[in-house]
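# A closer look at the structure
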Amino acid sequence: MSEKSGGDFRYSVGESKVPWHAVGEFFDGSDALELVKFLLPDNGEADYAVKLANAAKALSELSDVAGRATKLTLGKKVADAEALACEYFGSKYACFTSNWTGGMEIAYKLAGISAGDEVIMPAVTFIATMAYPLSVGAKIVFADIDPETINLDPADLERKITPKTKMIVPVHLGGFPVDMDGVMAVARKHGIMVMEDAAHGMGGAYKGKKLGSIGDFGGFSLHEVKNINSLGEGGVLLTSDDAFGSQLAGGRFLGLDFTRKIKDWLYDISPLTARDGSIQVAQNHSATEIQALGLILQMKRLDKIIAIRRKAAEYMNGVLSEEKGILIEKSDTADTYGTHHLYLLRIDPKVVGGNIQQLAAKLAAKGLTNITHFGPMYRFKIMRDLGYNEHELAATCPRTEEMFYNSYTHLPLYPLTEEQLVYQAQAVVEAVRELKQGK
Ligand SMILES: *Cc1c(COP(=O)(O)O)cnc(C)c1O
């Protein structure tokens, strides 16, 4: 390895004759070829083998004159991704993590969530939203949903507040902006912190503010099934609070802040100090440089992707609005700009003469993608095992119950070909007609 590309880069301890990076292995030209083959796999085209051989030769030649990537995690690309996130989302601080579940853990720790605290979230979300509070013995309280969007309903949120409520976690499900004015008003009135789970909401906006930038914390998943991804996994945590922001880097990696030089390895490692003054121990949620590169590349396409999704949603609305009993999804307004991560299909069971479970079976039979039906979290086995009473909780969320069993499901919007989109819309109309005819 030439000294030009070396130096003590991995652990920035200054110039040295025997570099620290010698403790780690590099990747070379043949590895680069494997990465190319992974991202651009053989799709059965006749000239793939020839073109791959050309690429292999070119990569081998390039490898002979190239340096080696010496910094693989928490380096400049991670910092660049975070700077881009701050600019795009209008937040003061951003932290790129291995995934959003890890990002949320940092926020929950900084909020001081611990045993006995209550965290309110919508009854319908993904299990990741409640994983950390459950793991420390905090109590999850479920708010009922707004039937138009399946998002947390601020009016029910207010009814669920108790003296133990420490955090409110609205989820922009499917990319529909939550009524954040309603949520923030309740939160401020009672002095409770808010974290937006915007796993589906990257790039969406509410009253001119980007989703994820409105609460005390907010953030996004870059898992491969979200609107954009960072090579499979990733998360971004945002805050504009200085006391929290200055601790994000430490929260990500065991209390160490690798964004600055570590002065003293014995004494420079601190625990996190939460809002309530409690001491919290950080875990490791580091993201790699190559994940950060993935995020930077896809961030550039985000607005374009949302525009395509929005058009697809409008097409679905146009076709479905013609059929009585189908409730089309809420369109964007001057105040709300959704990401159209999923299409929200709802029916009026009385008009249609059947419920969503029956309709879903018909849609599956017509070959439509069966997106896992987002269901009430209090129905999950894990909650029973933790001692939650599903029947009591169901009684506190009547609209969730009604809608889940009778009325809603989600459909994909992207990347669909025009033919697939047209087929999907038509199949929904046909399935609803069959239900009406009692077929
Ligand atoms: C995907 C998802 C998460 C978790 O994100 P990861 O990056 O997979 O950890 C959290 N909340 C919701 C609503 C999600 O859909």
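Look a little higher up for the structure.
Read on for a plain summary of the structure.

Definitions and limits used
Every chain is numbered on its own, with residues counted from 1 as its sequence reads. For this predicted model, a pLDDT threshold of at least 70 governs which residues receive local features, and a threshold of 80 or more governs which side-chain atom pairs are given and counted, while totals over whole chains, interfaces and linings are taken from all residues. Side-chain numbers come from the whole structure's heavy atoms, not from hydrogens or water. Whether a residue is near a molecule or strand is decided by its heavy atoms; if any one of them lies within 4 Å of it, the residue is near. Polar contact criterion, stated in full: a pair of N or O atoms within 3.5 Å, where within protein one must be able to donate a hydrogen and the other to accept it, and residues adjacent in sequence count only if both atoms are side-chain atoms. Only the protein chains shown count as cover for residues, and all accessible areas are computed by the Shrake-Rupley method using a 1.4 Å probe. Cavities and pockets were defined on a 1 Å grid built over protein atoms only: a cavity is a set of grid points that admits a 1.4 Å probe from which the probe cannot escape, a pocket is an open set flanked by protein on both sides within 12 Å along at least five of seven lines, and lining residues are those with an atom within 4 Å of any such point. What decides whether a molecule sits in a cavity or pocket is whether more than half of its atoms lie within 2 Å of the grid points. Helix numbers and strand numbers start at the N terminus; a helix is a DSSP run of H or I with at least 4 residues, a strand a run of E with at least 2. In this classification, Asp, Glu, Lys and Arg are treated as charged, Ala, Val, Leu, Ile, Met, Phe, Trp, Tyr, Cys and Pro as nonpolar, and every other residue, Gly included, as polar. We call a residue buried when its accessible area falls under 20% of the maximum for its residue type, exposed when it is over 50%, and partly exposed in between, using a 1.4 Å probe and counting protein chains only. The contact definition used throughout considers only heavy atoms, calling two residues in contact when any of these lie within 4.5 Å. The pairing criterion for strands is at least two bridges between them, as found by DSSP.

Right, let's talk about the site of the ligand for a bit. The immediate surroundings of the ligand are formed by 16 residues, with Thr101, Asp197, His200, Ser221 and Lys226 found nearest. At a separation of 2.5 Å, an oxygen atom of the ligand approaches a polar side-chain atom of Thr101. Within the side chain of Ser221, a nitrogen or oxygen atom sits 2.7 Å from an oxygen atom of the ligand. Contact with the protein chains covers 93% of the free accessible surface of the ligand, which is 380 Å². According to the grid-proximity analysis, the pocket containing the ligand is the second largest pocket. When residues of the shell around the ligand are assigned to their parent elements, the largest contribution, 3 residues, is made by helix H4 (residues 100–110). In terms of residue class, the shell around the ligand is made up of 6 nonpolar, 8 polar and 2 charged.

Turning our eyes to something else, we now look at helix H16 (residues 398–406). Thr400, Glu401, Met403 and Phe404 are the residues of H16 that are buried. Where H16 is buried, its residues contact strand S4 (145–146), strand S16 (343–347), helix H13 (356–365), helix H15 (390–396) and strand S17 (408–411).

To continue, consider the sheet that holds strand S8 (residues 205–206). As summarised here, the arrangement of the 3 strands in space is S9-S8-S15, forming an open sheet in which the pairing is antiparallel. Because the sheet does not close on itself, it has two edges, and the strands there are strand S9 (209–210) and strand S15 (336–337). One ladder, built from 2 bridges, connects S8 with S15; its direction is antiparallel. Paired with Ala205 across the bridge in S15 is Tyr337.

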